[in-house]
Structures are given as C-alpha cells and as structure tokens.
Amino acid sequence: MSNSDSRINPRQLGTPRGGSYAAVPTSGDRKNRNKPARGKKKSIFEAYMSKEDVSAGLKRGELIQGPLRINPKKYHEAFIPSPDGTRDIFIDGVVARNRALNGDIVVVRLLPREQWKVIKPDGSDKETEATHESDVPEDMLGTCVPQEAAKGDAVSPDVIIEAQFDDNDAEHGQDHLQDTLAHDIKKLSLDTAEKVKAAGIGAVHRTKQEEVPKVNDPRLLPDKFLQRTAKVVYILEKKHSRAATGFIKLLADKNSELFKKCAMFSPVDHRVPRAYVSLADCPSDFVARPEDYSNMLFICRIVDWKEDSNFASGQLAKSLGQAGEIEPETEGILTEYGVDFSDFSPEALECLPQSLPWVISPGEMAKRRDLRKECIFTIDPSTAKDLDDALSCKQLPDGNFEVGVHIADVSYFVLEETALDRVASERATSVYLVQKVIPMLPKLLCEELCSLNPMRDRLTFSVMWKVTPEGKILDEWFGRTVICSCAKLSYDHAQSMIENPGKVFSPEELPPVSPQHSVAKIQQAVLNLHHIAQHLRKQRFIDGALRLDQLKLSFTLDQESGMPQGCYIYQYRDSNKLVEEFMLLANMAVAHQIYRSFPEQALLRRHPPPQTKLLNDLMEFCHQVGLEIDFSSAGSLHKSLNETFGADKYSEARKEVLTNMFSRPMQMAQYFCTGVLKDEILFRHYALNVPFYTHFTSPIRRYADVVVHRLLSASLGISSPIKMEKETIQRQAEHCNDRKMASKRVQELSADLFFAIFVRECGPLESEAMVMGVLNEAFDVLVLKFGVQKRIYCNALPLLGFHFQKVGRKPELTLMWEPERPEQESVSQEITIFTLVEVVLKSDGAPLKYSALLKRPSTEK
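Enquirer: I tried to follow the packing of helix α15 (residues 519-542) against helix α16 (residues 574-597) on my own but got confused; where do I start?
Expert: Two packed helices can be described by the angle between their axes and the distance between those axes. Put simply, α15 and α16 touch, their axes get as near as 9 Å, and they point 70 degrees apart. Put simply, α15 runs roughly perpendicular to α16. Read as a crossing pair, α15 and α16 show a hand that is left-handed. Of α16, the residues touching α15 (which contributes V526, L529, H530, I532, A533, L536, R537 and R540) are D574, K577, L578, E580, E581, F582, L584 and L585. A per-class count over the contact of α15 with α16 returns nine nonpolar, one polar and six charged.

Structure, rendered in structure tokens:
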C-alpha cells in the first residue's frame, strides 16, 4: 500500500524563509481575539492576568506553566511541554503568545476543544512539538571542540556523557523523527507543468481533503488526532535576556510623526519582535545615509511591548560592527544569551591573594596530606590553560594500585559570600567559544593559582582508591592535599604512550618532565590507568550505561587573522576515555559522600529518562525502517546501537544518523538539591544508570563543583557546614542549569559562526552525506565530513520533477534530474532514510548563510 504525491519542480519559488514579525494575526490569532487590530489604541494583545489569579488558577489546575519554545524557522508557532509528558501544547500565533519570548516561563490557558489543532493521521503534519534551542538540522551536531580547549566542553569526561543529552531537538519540533511530512501543495506554474508533461512524468496530486481525517471538527475526533492549543496569560519569569542583534532601518512612512523620532530595529533572530528605537540613539548620520548602515550589526534591548502595539519598544545598546565578521557576531551571541564577559570588578579581584608570587603557608601545609613527591600528572587538550584535574597511579606491594584523582582546591580561594563568590555564582560556568574562553573566575585563579601547572606546588582536593588491576575498589579516601604535577601531558601524548607501550620516548617527544620522575615511570602510570579504565568502562556498560557520541567539529585558526583555516571531526580516543573513567568514578564517590552526610543539602546531578512520546515516536520510526532496537533501558539501547552495525563506512554513517536521532528524546541532565526532591528514584542518572551523581572535577569552570567542594569539605569535618539553606541551594542549582543551557547554545552558535565563515572563505565544500529524514519536497542530511545537518530542497535542484510516496509507512522521494545535454535521458534518484548521497556546501551571499546542494548522480552504469 503506498500513498503518493508527485511534484513538479517550481524552482522559481525558492526556499521559504521567514521574516521578522510584527503581530500579524495567524489563523490561530483570529480565533482567540476579541478586538480588531485596526484603529488607534485598540488592544492587539490581552492584558496579563493578576499574580493572585494566576496563582489560584495554577492551584486549581485551570492554568498550566512551562518554558516557552518558539520555532526558529516558523516564528508564529510556539509550544510548551505538556505536564503529563504527552504531545506538547501548541500556541498558535504571535497574539496567542502574548509578548512572551523564547525560553520564558509562561502560564497558559487551554483553548476550547473546537480550537485544538487537528493532527494529520499519516504523520504528515510535522510541526507538533516543542522546538528546542539546539535546532539541530540547520546547526552543528554535538559540541565543537574549542581552539582554546578547556578540557572543557570539548572532551571533559562528564561533559561528553551529558553533552549528548542536552536538547538536540529538531528545529521543526520533536516530531522530526517521523520525517514523513506532506506540506501544503504549492501552486505549479504552467510552463513547468508542460515541461513535465513533455517528459512523460505523471503528476498526481492528493487533494487537501484526503490529507486530513474525513471529520475536521476537533470535538468529534479522538484525542490521538488532536494537539491541545493554548494562549499565554502571564509571564512568570523572563528568562530571555531581552537583548538581540539586528539591523536598523528608517520607517517606511516618511510623513508620519514617528518617522522623525524613531527607527525600526529588525532582529536577526525572527523569534524576537521588531522594535521602535529612538533616532537619538542611532548614529548621527543614519537618517541622511541609512544605506551606510545596511550591514552594520547593532545590539538592542527590548524594554517594553505594549498591548496596543504591533512592535516592541527597544533601546539601542551599541553598534557591534559588520555582519558576518567574527568579533561583532561573537559579541552579539554572548549578549543575546546573557553571558557576562565584562572585566571582573575591583571588589572581586580584592578577594584574590595580593602578594605575588603566592606560596602555600606552613600552616596550610600542616592541614593537608603532602603528595608533592608522588608521580602526579595532568592530561588535557594541548591548548588548555585551566587545568582542573590531575591523576596518579602507584603500584602497591600486594599487586593492587593506589589511584588518585586530584582536583584544584578552588574553594580555598573562593570563600562563601564574598564578592568573588557572588560573581562566580552568577556566571555559573565558563563559556568556551571556538577562539576564546569567557572564564567564570579571574585569570589569576584560572590559569595560575588554581591551575595544576607542572612543577608548581598546588592545593588540591583528592579522592584516592585502592583498586585491583581489574578495577575492583577495595578502599576509598577523601581529603585535602598538596601536589606538584610532574608533567602536563596532552591527550596526544597519552595516546601515543597507550599505542606504543614498549617505546622509549625521547625528551623532544614529550613536554618538560620533573627531574624527580622518569618518563618511563609516567608512561607506566598512564598504561596502568589505561588498563584499569578499560575494566571500569566495560563494567559500566555491562551495568547498563548508555553513550551517544555525536560528531564534534574542531577548527584550526590562522595565527594572525584568527580566521578558520581548516576543520575536522574531533577524534575521541583511549586517552580521553581513560580520563573520563576516573572523573566519573570521583564524581560518583563524592555524590555518595555528600548525600550521606547532608541528605537535605547535597547538590547532585540527575538525568531523567527520555520523554515518553518522543521515545514512542522513535520506536515507531525504527520499526518502519526495519531496525530492531531495544528501547527498554539505557543499557539495552546502548547495546542495540553498538551491535546493529558492521564496521564498514556505510554502517558507521548509519550509526551516526541513528545516534543523532536517539539523542532527540533525551532530556537535559540537571543539578538539584536533594532536600527539595523527596523521591530518591528521581535522583537517578539515566545515561550513567547510577543512583547518585554530581560534578566535583571541574571547579575552575563550573560553580556547581565549587558548592560540591564546600559540601565535601564540611562532610569530612575540615570546614564548618555550608551556610546555604536547601532552598538557596536549589535556586543556585536551577541557575546553574540555565547558564549551562545558555553556554552550550553559545558554544554551538560559535561553531556555526566559524563553520559558516569557513564555507564562505574556503568553499564550496564537497562531502558524502546520509539522508536522515524525508519530507515531501525536501530531505535532511547529515554531512559526514563536517557533522552538520542541512535540509536540501527539491525546488533548488535542476529537476524535471519529483515524486513523494510512502512504501508502507516509509517515506521515499524519487528525483527526476534534468538531462545535462538534450540527447541524454533523465536520471532518476531514490531518496529514503539512510541513502548515501554526495553534497556540496556553498555560501548563499547573505552573511553566514550557506546551503547544501545535492550533486547530480553519476550516469555511468
């Protein structure tokens, strides 16, 4: 049984792209509006409910709250998650959204059932789920590895476990998995139709009526064909920064009073409204020479949006520079996501040691275990400057090992309730861009006093274990220590030692090594750690852990200009895995310790299981394409994913596509305070499949780890109990979650920026790609060489026509290519899930925009 949909190619129609909005009513808006928009001072938006009424309505269950997600590609569509985990609630149109911006926590009222959205039963209506910030298809996959790699968000163990579960949802809502969309049929131009007729291709169109259930009244349809719709009645929390980058233009009506006072700000992000800005804030010659500013990026802050106005009121904050250049674009990204990149205040800097060079006092030394003579070293990306963690591994006479994880003792320098503590808690995380780091703490701490630099005495917090060669833990110790790292190894150095166990390394092949320890001793320690890590890792996966490795893009930058010269997929190797295993072990050990000691105040990290509806969609999809995947647990999913594929290139590509799909239903891991969640089952970490987990190993770049250090110290009786109450810890945990989301998004956008510039400067770029979704006049591909996803539109290709059909429930597109020469025949090409194709990425002319075009298939038999 196949339902089909042939299409002729109206190439002149181009690719649909939305413009920035004014509040023009959509069909949904018209339904839930009482007053017309015409005439002066008629309300366009409803007034917000009072705080008291909202509170009462939420208690009675008449209102629903949640984070607002606006579709970046169709800005009139927004969603909030349904509290029961079923299909998201749809907010149709700018008016129904009632001036809330992306990410805001809003309160909505459901509309009557007759206004609910009818979902087409063949799955052809794709926009039914919440759009998440990481709108993967047009964006990067995975996180880029920064040039300024902090062990950072590139390869740090716990990040790799969790980065994969941060919201990688499709731009068009999470129903992307089905990818069986049938869009509204475009009107075809006669000449194209005739051309197709001449080529002998029958164009069969389904009518609109056949696409939807026969009954179109939501009141008569079962729930499975409906999506609840709602309107925003209150904004609980303005999470969106209210800052946007964009361009300024003169108003269209030169005779209006407003023309003399205001300009129009048009944001690049179409989810933000256009705004009137005062001409007084614009450059002095803007009115006389507006064309000089057509490509100049500005930052505008949205200060108000009145009920009776289509447009918001904004205040121009500053001009950034030319669109498409690295620094202006980067500053825009940071500002939009509320990243504080200002200099640290004098009050914060006064909290640092003032007499330099700083030395550890004899009094402090006496309170700590002295490990300075031990063979301890760091393993990081070669460019890392903030070295949080060091490792040691000493063989004991009984054949077992003493393994240590030594973490920078940041809480010694950052004391509770100081000015520096306030800044760090507000920033909450360092932010890693491709070309630089925006640090959480001042450089003196990040790169000097706290960084575990080689041949320097440093204060640390250590977890040490007695373990068997097979990784069985016999004993555990926590405590404050002093170390002196004997070498700063890169992942490449450690990898080389693992791959060449018998090799004698010359001094030139390695970084400087402390004279107290030989290279051979360090190499043996690395090898021992590697062997133990292999056992730990194997056991973790036997115990049911899940890992989804997405392709991550790295850049090489020109030393002089800072421009991207090249890019490559980051390789995750045994040396990365070695560090990861011991960081996970330390984080789990500390989680148990602080929860035992402070059951009401522990700051832990939980990872909820996947969203049920999205998981069900994915199961259905796998069933359709004939893949046997066991979704019953994290471990079974991992096993299926790693056993379904061979080792050939095609299998590897298919695994990448599925890994990407599997990350979509995954939820974000979250910090929380144990005193606030009563049910221990909710503490679990789904991906790691462990009951308790926290972050302890990166206090230089994550504030959550600083709090955890304080809790650990108090649990050992080293310091007095933490001053924060459980409610304060929970608030801080939520703030850390918000900033982690923002920093992840900024990192992705930084990678997008550099990749778009790379395509512009070095393109067109050719690559193999694999199809990961088929729509009825476009398809999505994963570009394998660069790990980016792009949508390829049929109407941008030199086709005679194309034909969409479903074979069973599997979507297929047949493309009929125009012959290159008149005497040749048309070549047809089948496009379905997992088809390997050749694509070309090329710049679009507009700053930072690039398209993927399909290469014509070879006609050679």
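What follows picks up the thread again.
Enquirer: Looking at this model, I keep getting lost on the sheet that holds strand β16 (residues 376-380). Mind explaining?
Expert: The seven strands lie next to each other as β15-β22-β21-β18-β17-β16-β23, forming an open sheet whose pairing is mixed. Unpaired on one side and paired on the other, β15 (369-370) and β23 (488-490) mark the two borders of the sheet. In this sheet, strand β22 (residues 473-484) lies alongside strand β21 (residues 457-467) in antiparallel orientation, the contact comprising 11 bridges. Pairing of T460 across the sheet is with T481, part of β22. Against the sheet, α16 makes contact with β16, β17 (389-395), β18 (401-408), β21 and β22, and its axis sits at roughly 90 degrees relative to β21, the strand it touches most. Along the sheet, helix α20 (residues 703-715) makes contact with β18, β21 and β22, crossing β21 at roughly 65 degrees.

Enquirer: I'm lost on the side chain of T814 in this one. Help?
Expert: Along the chain, the position of T814 falls in strand β32 (residues 810-817). If we ignore the near neighbours within four places in the chain, the residues touching T814 are G801, F802, H803, S828, Q829 and E830.

Enquirer: What is the right way to read the nonpolar core from this model?
Expert: One broad trend across soluble globular proteins is that nonpolar side chains are buried collectively. Membership of the largest hydrophobic core comes to 96 residues, with the highest contact counts inside it found for F377, L391 and F582. Among the elements that take part in this core, α16 stands out by supplying 11 residues, more than any other. In this structure, L391 is in contact with C375, I376, F377, I379, G404, V405, H406, L529, L578, V579, F582 and M583, ignoring residues within four places of it in sequence. Membership of the second largest hydrophobic core comes to 78 residues, among which are A653, L799, V839 and L854.

Enquirer: Looking at this model, I keep getting lost on the sheet that holds strand β5 (residues 89-92). Mind explaining?
Expert: Sheet architecture is open: three strands sit in the order β3-β4-β5, paired in antiparallel fashion. Two strands in the sheet have a free side with no partner beyond their single neighbour: β3 (69-70) and β5. When β3 meets strand β4 (residues 77-80), the two strands line up antiparallel, connected through two bridges. Residue pairing in the sheet places R69 in a bridge with F79 of β4.

Enquirer: Even after reading the chapter, I still don't get the environment of E656, so can you show me in this structure?
Expert: Tracing the sequence through the fold places E656 in helix α19 (residues 649-663). Taking the C-alpha atoms as reference, E656 lies 9.8 Å from M772; in sequence the two are 116 residues apart. Filtering out sequence-adjacent residues up to four positions away, E656 remains in contact with D549, L551 and L782.

What counts, and at which threshold
Residues numbered from 1 in each chain as written. Predicted model: local features only at pLDDT ≥ 70, side-chain atom pairs only at ≥ 80, totals over all residues. Heavy atoms only, no water. Axes fitted to C-alpha atoms, helices over the stretch in contact; angles between N-to-C directions. Helix = DSSP H or I, 4+ residues; strand = E, 2+ residues; numbered from the N terminus. Parallel < 35°, antiparallel > 145°, perpendicular 65-115°, else oblique. Left-handed = near helix turned anticlockwise from the far one by under 90°. Contact = heavy atoms within 4.5 Å. Nonpolar A, V, L, I, M, F, W, Y, C, P; charged D, E, K, R; others polar. Pairing = 2+ DSSP bridges. Core = buried A, V, L, I, M, F, W, Y, C linked by side-chain atoms within 4.5 Å. Buried < 20%, exposed > 50% of the residue type's maximum accessible area, 1.4 Å probe, protein only.

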